[in-house]
Amino acid sequence: MTMPENWRKSSHSGEGDGNACVEIATTPTHTAVRDSKAPARATLTFPASAFTTFLEGLKGNPDVHPLS
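Thresholds, definitions, all that
- Residues numbered from 1 in each chain as written.
- Predicted model: local features only at pLDDT ≥ 70, side-chain atom pairs only at ≥ 80, totals over all residues.
- Heavy atoms only, no water.
- Pairing = 2+ DSSP bridges.
- Helix = DSSP H or I, 4+ residues; strand = E, 2+ residues; numbered from the N terminus.
- Salt bridge = Lys/Arg side-chain N within 4 Å of Asp/Glu carboxyl O.
- Buried < 20%, exposed > 50% of the residue type's maximum accessible area, 1.4 Å probe, protein only.
- Expected span 1.5 Å × (residues − 1).
- Arc of directions from axis to C-beta.
- Contact = heavy atoms within 4.5 Å.

Caption draft 1: Just the pairing of strand 2 (residues 22–26), in detail. Where strand 1 (residues 8–9) meets strand 2, two bridges bridge the pair, whose relative direction is antiparallel. Bridging from a neighbouring strand, Arg8 pairs with Ile24 of strand 2. Where strand 2 hands over to strand 3 (residues 30–35), the hairpin turn is made up of three residues, counted between the paired strands.

Spelled out as structure tokens, the structure:
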């Protein structure tokens, strides 16, 4: 997969420069996730359908803040 260039931060990124979250980028077939504090480090890439399953799992876990 070619790395996407349309990275965006959650609207719940925190104050200041908004570095307290992850960023996501999408292509027609995949979604990539990276740490906003270290964007040059590793990314986690999901097929589009698997990312939806991943988010549903986060939403079902009260100890994890869901991505928005």
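Right, picking up where we left off after that structure.
Caption draft 2: Structural view of the pattern of salt bridges. Overall, the coordinates contain two salt bridges when judged by the stated rule. In this structure, Glu23 and Arg34 form a salt bridge, with 2.6 Å as the shortest nitrogen-oxygen distance. Within this pair, whereas Glu23 is found in strand 2, its partner Arg34 is found in strand 3, the two being separated by 11 residues in sequence. Judged by its relative accessible area of 16%, Arg34 is buried. With a shortest N-O distance of 3.4 Å, Lys37 and Asp35 are connected by a salt bridge. By relative accessible area, Lys37 is classed as exposed at 57%.

Caption draft 3: A look at the pairing of strand 3. Here strand 2 pairs with strand 3 via five bridges, running antiparallel. From the neighbouring strand, Ala25 faces strand 3, where its bridge partner is Ala32. Pairing of strand 3 with strand 4 (residues 44–47) involves four bridges; the strand directions are antiparallel. Among the inter-strand pairings, Ala32 is bridged to a residue of strand 4, identified as Thr45.

Caption draft 4: Representation of helix 1 (residues 48–59). Between the first and last C-alpha of helix 1 there are 17 Å, a value that for 12 residues agrees with the 16 Å anticipated at 1.5 Å per step. Of all the residues in helix 1, the buried ones are Phe51, Leu55 and Leu58. Angularly, the buried residues of helix 1 cover 60 degrees about the axis, an arc narrow enough to put them on a single face. Exposed side chains of helix 1 directed beyond 90 degrees from the buried face belong to Ser49 and Thr53. Contacts made by the buried residues of helix 1 are with strand 2, strand 3 and strand 4.

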